[in-house]
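# Observations on chain architecture
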Amino acid sequence: MRLSDSLGRASLSGISILALIFLAFPLLVVIGISFTTTEYLRFPPVGLTWKWYARFFHDTSFVESLFTSAKLALSATAGALLLGVPAGLVLARKRFPGRQAISALFLSPLVLPTIVLGVAILQYASTMGFARTFWALFVGHVVLVMPYVMRTTLASLSGFDIAQEEAAQDLGATPLQTFFLVTLPQIKPGVIAGALFAFIISWIDVEVAVFNSTPELITIPVKMFNYIQFNVDPIIAAVSAITIYVAIVAVLLIDVTVGIEKATTRRE
Amino acid sequence: MRINPWSAVLLLGVPVAFLFIFFIVPFGTVAVASFRMPADGGWSAANYVKIATDGYYWGALYLTFKIALWVTLLVLVVGYPLAYTITYNVRSTLLRRIIYIVIVTPLFTSSIVRAFGWLVLLGRKGMVNDTLVALDFVDKPVQILFTEGGIVIGMAYIMLPFMVLTVASILQNINTSLLEAARDLGAHPIVAFLKVTFPLSLPGVIAGSLIVFTLSVSAYVTPSILSGGKKTVMSMLIYQQYAATLNFPFGATLAVALLVSTLLLIAGYLLVIERHAKG
Amino acid sequence: MAGDLIEIVGLVKRYGAVAALDGVSINVRQGEFLALLGPSGCGKTTLLRSIAGFVEPTEGQVRIGGKVINDVPPHERPVNTVFQNYALFPHMTVAENVAFGPRRKGMPKAEIAKKVAEVLAMVGMDGYGERYPRQLSGGQQQRIALARAIVNQPQVLLLDEPLGALDLKLRKRMQVELKRLHGQLGITFIYVTHDQEEALAMADRIAVMNQGKVAQIGTGQDIYRAPNSRYVADFIGEANLIECAVKDGRLALGDAALPYDAAGAGAHATLMIRPEDIQLGAPPSGGTPVVLKATVRDKVFLGSAWRVYAALPSGQEIAAHSASGEAVDYAAKGAAIELWWPRDRGRVLAQ
């Protein structure tokens, strides 16, 4: 290999390693701080203690918002699956005028400013009389996360051999049986990946939730956001660290079910 | 699969109706509200006039786009080499998986947590300043936090995974034999890259920069934490109107202004690219 | 015709302006082996899929046992299909694949197990029940696809180029096995193929299709001996198609009149003669041979015979097959020769 080749490769690797450190470091810092024994933020941490985690779990308002977030993310994911998978199925299998436009509609929440979606839900819910309720959060988050379910569902269906569905029907399966016995088992990895994405997007959202929360009904990111405006102490690092652990678990789950590379980059 | 027409209407109709009721109509509500007066609820374009004639709003809009542009450029410069390296130069499957996990995990973490990390790192007594001083780059700690530069760094951090993943997914589809052919024909690696790989990866660069730009324009959490209230971008103004001032119509006008100007900028960008591709 | 199992009446399928099926009528008898033969795009697969229920015809009827089934969904039709690329379910074992149909009918478990074992034995795949499709070779997958279909005892088995993906040797062996299976089961087979040899080897009758229409239907021998058009003659087997003029109601090639009646054919007609019917050398006395003079251009060794290419005085090329060594020596390259055939082997085809 020529010298210029190795030099080019070395500098590329150098930039890449720096970029990866850039990506990992802030998260490591947060995790590190969460174990410090000092009363103020300190990195590298001094000593090693679980007390900030203990304090977090003793603060019922934090734990409650953790539950609110989990409940919201789970139900929004379920809603997005129930709506997104059948719609993806029809869009992938049927040819009809306006199909492109409807696909675009399903994916459009992805590119529109999330903060505008947040205020739109607030304003709409106010006129309809359900502002700052769980339902407002729920519908906002279903709209927010549906594109992720749609995208992976459509991608798995496009790689799926339609002859298999025909074979199932040919052998006497009704359309419903065909879906549950033949199609779903095979697109399952894609659907699971989409569901995990949806869960996480809901779980970490601030822009939609911040407009539709009350002191009693508040998700963990919004709770943290409000907390951070007035207090900066290692509790917040502990809470942050917990959400990072959830993220790591989700990423590993996706890696195990479909492979993280395949799930996050789309091969056409 | 043969889905009978009635099931198809039901399976697709319910989700479309849902999006119509909870997505299109709410956006419509915002658009309509932007033409209302907060005081009496009458129709008026006064909100738009206020934005157009007050330099303060132009300043916020300018800052919003300026930050978004810098973030996009920075992310492209850092993200492209990373995408290139993981696609072409990392052979080990295990290493690739680990790298992808490192890239995706921040994406799965709330922007608050990520901004919080930077809050600690960029402070006067934070690690970045400590390192700069220790390496004698600067004499005394510099102000990074609460500056535009600090916001750009924090947002670039949030946006980097989007660019890397988008570019990598395009690079994966480039036929490597084209590259080998270029090398075989005597092209220097840099020439081969500039003449073959980069042009073919342009769709990824364009898509990635569009995603990063739109997300940056509407980002709220990162700028509001890392600005310390000293800099104001559009999303922060919108939030103030809806959450503090409770002037929904004016907030709606700001949201529409942000949405429309973003779409216009994107349309202009795509137009330039198309011209360029044709010429 | 009454008593026919399948009646296809005036079937039309249009995709926009394109007619994939353009008025197809075919009757298929109970227990028959019918081949739908034609090049890709001729409509044979569309016809098969309309019988299976995956294509909704624009016009016309599909009847099975006298009942119109146009509106019956695929899962309720008394037919089963062997798909082109088998379409085995990759997430199920061989046994689960085969049991898929019987399970949908709610057959008791013990009975399903018995039937699955039976059918797997029938296709020579006993002992493979616990494998997954990806662990099997192409030929083995083919057998499983067959087993999965016949276990349901359909009235009609539809086969969509089932041997297309196999290599030549395996294909020949499977042809024999399929034919044997057809005899054993007594099920009606409708078999789509673009391979004329396959159709000739297996089918009771062949429907040759062209541009959405049935060009000719009949036994292999009928169609081979008496094609009704240039298209069919050219598609089935090898054929010399000699362009002739029509003079005084008879064929003429240059100055030579040929003993074929072509009244009503117009100014031109085509004479079809199969290469293996052409003999080299002077004709024997007696009979009514047709004799032509020609110049040998080339000869090619085929293994079991030689193929001789010769130019007629008109410049048209004619091919002859010959197994006899003397005849081949006679036809040296560049030599002027005579060739002949029994009159009744030639066929006049209208333009």
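This write-up is about the structure you can find in this document. (Residues numbered from 1 in each chain as written. Chains lettered and ligands numbered in written order. Predicted model: local features only at pLDDT ≥ 70, side-chain atom pairs only at ≥ 80, totals over all residues. Heavy atoms only, no water.)

## Here we look at the overall build of chain C
The condition is simple: Strands are runs of DSSP state E lasting at least two residues, helices are runs of H or I lasting at least four, and both sets are numbered from the N terminus onward. For each residue, the accessible area found with a 1.4 Å probe, counting protein chains only, is set against the maximum for its type, and the residue is called buried under 20%, exposed over 50%, and partly exposed in between. Whether two residues are in contact is decided by their heavy atoms: any pair within 4.5 Å suffices. In this description, accessible areas are obtained by the Shrake-Rupley approach with a 1.4 Å probe, and a residue is regarded as covered only by the protein chains that are shown. In this tally, Lys and Arg are treated as positive and Asp and Glu as negative; His is ignored, and so are the chain termini. Just so you know, the charge point we use is NZ for Lys, CZ for Arg, CG for Asp and CD for Glu.
Within chain C, the regular secondary structure consists of 9 helices and 20 strands. With the principal axes as the frame, chain C shows a C-alpha extent of 75 × 45 × 35 Å. In chain C, which comprises 351 residues, the share counted as buried stands at 50%. Within chain C, contacts between residues at least 6 apart in sequence are counted, and of these 66% link residues at least 24 apart. Element-wise, carbon and sulfur atoms account for 50% of the exposed surface of chain C, whose accessible area totals about 15800 Å². Within chain C, one finds 39 positive and 36 negative side-chain charges whose respective centroids are separated by 5 Å.

## Examining the pairing of strand β16 (residues 289–301) of chain C
Residue and element names in this part refer to chain C. Quick note on the threshold: Any two strands with at least two DSSP-identified bridges between them are counted as paired.
In this sheet, strand β19 (residues 336–342) lies alongside β16 in antiparallel orientation, the contact comprising 7 bridges. Bridge pairing in β19 links threonine 295 to alanine 336. Inspection of the sheet shows β16 paired to strand β17 (residues 306–311) by 6 bridges, in the antiparallel sense. Across the sheet, the residue bridging to phenylalanine 301 is tryptophan 306, located in β17.

## Considering empty space enclosed by the protein
Empty space among the atoms becomes apparent when a probe as large as a water molecule is rolled across them. All names here are of chain C. To keep it simple, the criterion reads: Think of a 1 Å grid over the protein atoms and nothing else: a 1.4 Å probe that fits but is trapped marks a cavity, an open set flanked by protein within 12 Å on at least five of seven lines marks a pocket, and residues with an atom within 4 Å of a point count as lining. Grid points are joined across faces, edges and corners, and a volume is the space filled by probe spheres set on the points. Asp, Glu, Lys and Arg are counted as charged, while Ala, Val, Leu, Ile, Met, Phe, Trp, Tyr, Cys and Pro are counted as nonpolar; the rest, among them Gly, fall into the polar class.
Per the counting criterion, the structure on display carries 3 cavities of 30 Å³ or more. Roughly 50 Å³ of internal volume is contained in the largest cavity. The wall of the largest cavity is formed by Met122, Val123, Arg143, Leu146, Met174, Glu177, Leu178, Arg180 and Leu181. Mapped by element, the contributors of at least two residues to the lining of the largest cavity are α4 (138–150) and α5 (168–185). Here the lining of the largest cavity gets 5 residues from one element, more than from any other, and that element is α5. A per-class count over the lining of the largest cavity returns 6 nonpolar, no polar and 3 charged.

## As for the interface of chain C and chain A
Worth spelling out the cut-off: Buried area counts how much accessible surface, traced with a 1.4 Å probe, disappears from two parts once they are put together, with both parts' losses summed. Throughout this description, the term salt bridge denotes a Lys or Arg side-chain nitrogen within 4 Å of a carboxyl oxygen of Asp or Glu. We define a polar contact as two N or O atoms separated by no more than 3.5 Å, with the added condition that, inside protein, one atom must be a possible hydrogen donor and the other a possible acceptor, whereas residues neighbouring each other in sequence contribute only through side-chain atom pairs.
Across the boundary between the two partners, chain C contributes 21 residues, which contact 18 residues of chain A. Taking both sides of the interface into account, the surface hidden between chain C and chain A amounts to around 1600 Å²; carbon and sulfur atoms contribute 62%. Where glutamate 166 of chain A meets arginine 49 of chain C, a salt bridge forms, and the shortest distance between an N and an O atom there is 2.7 Å. Counting the contacts that link chain C with chain A gives 6 residue pairs in polar contact (both at pLDDT 80 or more). Going through the elements one at a time, α1 (44–52), β6 (79–82), α2 (94–104) and α4 of chain C are the ones with two or more residues in the side of chain C that touches chain A. By residue class, the composition of the side of chain C that touches chain A is 12 nonpolar, 6 polar and 3 charged.

## Digging into the interface of chain B and chain A
Tallying the contact residues gives 80 residues for chain B and 91 residues for chain A. When chain B packs against chain A, the two sides together hide about 7900 Å² of surface, and 79% of this comes from carbon and sulfur. Joining chain B to chain A, the criterion identifies 2 salt bridges. Residues arginine 96 of chain B and glutamate 261 of chain A are paired through a salt bridge, measuring 2.4 Å at the closest nitrogen-oxygen approach. Linking chain B to chain A there are 8 residue pairs in polar contact (both at pLDDT 80 or more). Broken down by element, the residue count for the side of chain B that touches chain A peaks at 19 residues, all from helix α1 (residues 5–33) of chain B.

## Things to note about helix α11 (residues 234–245) of chain B
Three or more residues of α11 of chain B are buried, namely Met234, Ser235, Met236, Leu237, Ile238, Tyr239, Gln241 and Tyr242 of chain B. After α11 of chain B finishes, the residue leucine 246 of chain B shows a positive phi value of roughly 60 degrees.

## Comments concerning the side chain of threonine 87 of chain B
All names here are of chain B. Within the secondary structure, threonine 87 is located in helix α3 (residues 55–89). In this structure the side chain of threonine 87 is engaged in a polar contact, spanning 2.6 Å, whose partner is the backbone oxygen of alanine 83. In this structure threonine 87 touches Arg96, Ala168, Leu171 and Gln172, once residues within four positions along its chain are discounted.

## Observations concerning unusual backbone geometry
If you check the backbone angles, aspartate 136 of chain B has positive phi at about 65 degrees while not being a glycine. The residue aspartate 136 of chain B is located in the loop between α6 (127–134) and α7 (148–171) in this model. Using a relative accessible area of 65% as the deciding quantity, one classes aspartate 136 of chain B as exposed. Positioned with a positive phi, aspartate 248 of chain C is a non-glycine residue whose angle comes to about 55 degrees. If you trace the backbone, aspartate 248 of chain C turns up in the loop between β11 (240–247) and β12 (250–253). What makes aspartate 248 of chain C exposed here is its relative accessible area of 79%.

## Focus: the pairing of strand β13 (residues 256–261) of chain C
As paired strands, β12 of chain C and β13 of chain C are joined by 3 bridges and run antiparallel to one another. Across the sheet, residue leucine 253 of chain C finds its bridge partner in β13 of chain C, namely alanine 256 of chain C.

## Quick look at the pattern of salt bridges
By the definition in use, this model includes 27 salt bridges over all chains. Taking the shortest distance from any N to any O, the salt bridge between glutamate 177 of chain C and arginine 143 of chain C comes out at 3.0 Å. Separated by 34 residues along the polypeptide, glutamate 177 of chain C in helix α5 and arginine 143 of chain C in helix α4 bring together distant segments of the chain. Taking relative accessible area as the criterion, arginine 143 of chain C reaches 10% and is therefore assigned buried. A cluster of three or more residues bridged by salt bridges with shared partners is formed by Glu39, Lys51 and Arg55 of chain A.

## Focus: the sheet that holds strand β7 (residues 156–160) of chain C
All names here are of chain C. Put simply, the rule is: Throughout, an axis means a line fitted to C-alpha atoms (over the contacting stretch in the case of helices), and angles, computed between N-to-C directions, take values from 0 to 180 degrees.
Taken in spatial order, the 6 strands line up as β6-β7-β8-β3-β9-β10 in an open sheet, and their pairing is mixed. In this open sheet, the two edge strands, each paired with only one partner strand, are β6 and β10 (213–218). For this sheet, the mean inter-axis angle between neighbouring strands, taken without regard to orientation, is 20 degrees. Where strand β3 (residues 33–37) meets strand β9 (residues 205–210), 4 bridges bridge the pair, whose relative direction is parallel.

## Considering the layout of surface pockets
What the second largest pocket holds in volume is close to 800 Å³. Residue lining of the second largest pocket: 24 residues in total, with Arg9 and Leu12 of chain A together with Tyr84, Arg183 and Pro189 of chain B positioned closest to the centre. Along the lines of polarity and charge, the residues of the lining of the second largest pocket split into 12 nonpolar, 7 polar and 5 charged.

## Structural notes on the sheet that holds β11 of chain C
All names here are of chain C. Read across the sheet, 5 strands follow the order β13-β12-β11-β14-β20 without closing on themselves; strand pairing throughout is antiparallel. The sheet is open, and its two borders are formed by β13 and β20 (347–350), each paired with just one other strand. Each strand of the sheet is rotated relative to its neighbour by a mean of 45 degrees, with strand direction disregarded.

## Focus: the packing of aromatic side chains
All names here are of chain A. Note the following rule: Classification of ring pairs rests on two measures: the distance between centres of Phe, Tyr or Trp rings, Trp counted by its six-membered ring, which must be within 6.5 Å, and the angle between planes, read as stacked under 30 degrees, edge-to-face over 60 and tilted in between.
Here the structure, examined in full by the defined rule, presents 39 aromatic pairs over all chains. Arranged with centres 5.4 Å apart and planes meeting at 35 degrees, the rings of phenylalanine 35 and tyrosine 53 form a pair that is tilted. Taken together, the residues span a long stretch of sequence, with phenylalanine 35 in the loop between α1 (3–33) and α2 (51–58) and tyrosine 53 in helix α2 at a distance of 18 residues. Judged on exposure class, the residue phenylalanine 35 and its partner tyrosine 53 are both buried. Pairing tyrosine 124 with phenylalanine 130 gives two aromatic rings, centres 6.3 Å apart and planes at 90 degrees, and the pair type is edge-to-face.

## Thoughts on the environment of glycine 38 of chain C
All names here are of chain C. For glycine 38, the location among the structural elements is in the loop between β3 and α1. A residue is classified by how much of its surface remains accessible, and glycine 38, at 0% relative accessible area, is buried. Note: C-alpha distance between glycine 38 and valine 192 (154 residues apart in sequence) is 8.5 Å. Filtering out sequence-adjacent residues up to four positions away, glycine 38 remains in contact with Lys44, Thr193, His194, Met209 and Phe235.

## Description of the environment of glycine 118 of chain A
Residues and elements named next belong to chain A. By secondary structure assignment, the location of glycine 118 is in helix α5 (residues 114–128). Assessed through its relative accessible area of 0%, glycine 118 is described here as buried. Not counting chain neighbours up to four residues away, the residues in contact with glycine 118 comprise Glu207, Val208, Phe211 and Asn212.

Purely geometric stuff here, so don't read any function into it on its own.
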